[in-house]
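Results of the structural survey
Next come the chains, spelled out residue by residue.
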Amino acid sequence: MKTEINVSTGKIQAYEDSHEVGNLEFELQNAVMTITHTHAYLKGMGVGQVLLAAAIDYATENHLKIRPVCSYAYAMMEKNPDYSKLLTDDAGEGISCRL
């Protein structure tokens, strides 16, 4: 699975065989990446995990904190001690979508 990050549109898109299979929406402000939604069009294929990993890699490479208001992103990051270090102090507040 391949991912592409488009900072100007605030999207990370996942592709399988040149077909979009999901996307993650985010906003960048004041060295914080706010993850607003994760959309996986193919269930059970790990699309959400691939998208979140791409977001985490981008944030790490660019020295950003992550504020997930997407419940999926928040739940996955809370479970992993390596990822939870990237969370903002207010992570988990204002969750906009539910698993």
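Presented here is an overview of the structure given in this document. (Residues numbered from 1 in each chain as written. Predicted model: local features only at pLDDT ≥ 70, side-chain atom pairs only at ≥ 80, totals over all residues. Heavy atoms only, no water.)

Taking 1.5 Å per residue as the helical rise, helix H1 (residues 47–61) with its 15 residues ought to reach 21 Å, and the 21 Å between its terminal C-alpha atoms agrees with that figure. Of all the positions in H1, only Val 47, Gly 48, Leu 51, Leu 52, Ala 54, Ala 55, Ile 56, Tyr 58 and Ala 59 are classed as buried. (Helix = DSSP H or I, 4+ residues; strand = E, 2+ residues; numbered from the N terminus. Expected span 1.5 Å × (residues − 1). Buried < 20%, exposed > 50% of the residue type's maximum accessible area, 1.4 Å probe, protein only.)

Here the focus is the environment of Thr 60. Along the chain, Thr 60 turns up in helix H1. For the pair Thr 60 and Leu 86, spaced 26 residues apart in sequence, the C-alpha separation works out to 8.0 Å. At 2.8 Å, the side chain of Thr 60 and the backbone oxygen of Ile 56 are in polar contact. (Polar contact = N/O pair within 3.5 Å; in protein donor to acceptor, adjacent residues only side chain to side chain.)

One pass over the full model with this rule turns up two salt bridges. With a shortest N-O distance of 3.2 Å, Lys 2 and Glu 4 are connected by a salt bridge. For Glu 4, a relative accessible area of 35% gives the class partly exposed. The salt bridge partner of Lys 85 is Asp 82, with a shortest N-O separation of 3.9 Å. For Lys 85, a relative accessible area of 58% translates into the label exposed. (Salt bridge = Lys/Arg side-chain N within 4 Å of Asp/Glu carboxyl O.)

For the rest of this paragraph, the subject is the nonpolar core. Soluble globular proteins: nonpolar side chains tend toward being buried together. Counting 24 residues, the largest nonpolar core has Ile 12, Leu 24, Met 33, Ile 35, Leu 52, Ile 66 and Met 77 as its most contacted members. Broken down by secondary-structure element, the contributors of at least two residues to this core are strand S2 (11–16), strand S3 (19–29), strand S4 (32–40), H1 and helix H2 (71–79). Looking at which element gives the most residues to this core, the answer is H1, with eight residues. Ignoring sequence-local partners within four residues, the contact set of Ile 35 consists of Leu 24, Glu 25, Phe 26, Leu 52, Ala 55, Ile 66, Arg 67, Pro 68, Val 69, Cys 70 and Ala 73. (Core = buried A, V, L, I, M, F, W, Y, C linked by side-chain atoms within 4.5 Å. Contact = heavy atoms within 4.5 Å.)

That's the geometry; what it means functionally is another story.
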